[in-house]
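# Descriptive structure summary
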Amino acid sequence: MNFEQLLNNFDMGVCVEQLQREALVDLVVLFVEIDGVVEDKEMQYTLDWMVDLVWENEKSPLEYLHSASLSAREAIETSMIEDYILHRTKHIIDSPAKSLALALAKGVALSDGELAPEEAQAIKFLESCFNK
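Read on for an overview of the structure. If you're wondering where the values come from, they're calculated on a predicted model, not measured in any experiment.

The subject of this paragraph is the environment of Glu22. Here Glu22 shows up in helix H2 (residues 16-33). The sequence separation of Glu22 and Ala68 amounts to 46 residues, and the corresponding C-alpha distance is 8.8 Å. If near-sequence neighbours (up to four positions away) are discounted, Glu22 is found in contact with Trp55, Asn57, Tyr64 and Arg88.

Position of Met50 relative to the elements: it lies in helix H3 (residues 40-50). By relative accessible area, which is 6% here, Met50 ends up buried. As for Met50 and Leu65, which are separated by 15 residues in sequence, their C-alpha atoms are 9.4 Å apart. Excluding residues within four positions of it along the chain, Met50 makes contact with Val25, Pro61 and Leu65.

All right, on to helix H7 (residues 117-130) then. Under the 1.5 Å per step criterion, the end-to-end length of H7 is 20 Å for 14 residues, consistent within 8% with the ideal 20 Å. In this fold, the buried residues of H7 make contact with H2, H3, helix H5 (81-89) and helix H6 (95-110).

Criteria and cut-off values
Residues numbered from 1 in each chain as written. Predicted model: local features only at pLDDT ≥ 70, side-chain atom pairs only at ≥ 80, totals over all residues. Heavy atoms only, no water. Helix = DSSP H or I, 4+ residues; strand = E, 2+ residues; numbered from the N terminus. Contact = heavy atoms within 4.5 Å. Buried < 20%, exposed > 50% of the residue type's maximum accessible area, 1.4 Å probe, protein only. Expected span 1.5 Å × (residues − 1).

Below is the structure:
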């Protein structure tokens, strides 16, 4: 994140850390939804991770999860997965959060015991976003 963006975020009263957390949730939910089948193991993986999140949003984590699910489905249905990933990764600014995003994407994608081609392709794109 450049200095001007950081100042804009402070000026708008937006917590940069919360934006990162929301982007992480959005990406995790995308990987839950991406293969068209929401498995119980994938949702449990997501909920187990979210339980310890520090959350500073007017929506509860579960409300946010629901809205993120709707956004992810829309991106999938309109073939905008890479645009969605690119948009969300712009809010993930520090190295630990980038590493966490990749670990979560892989973890949720593999939580059902298989890596669907859509998941593999999206993980590869996510990695490329962080290697720019």
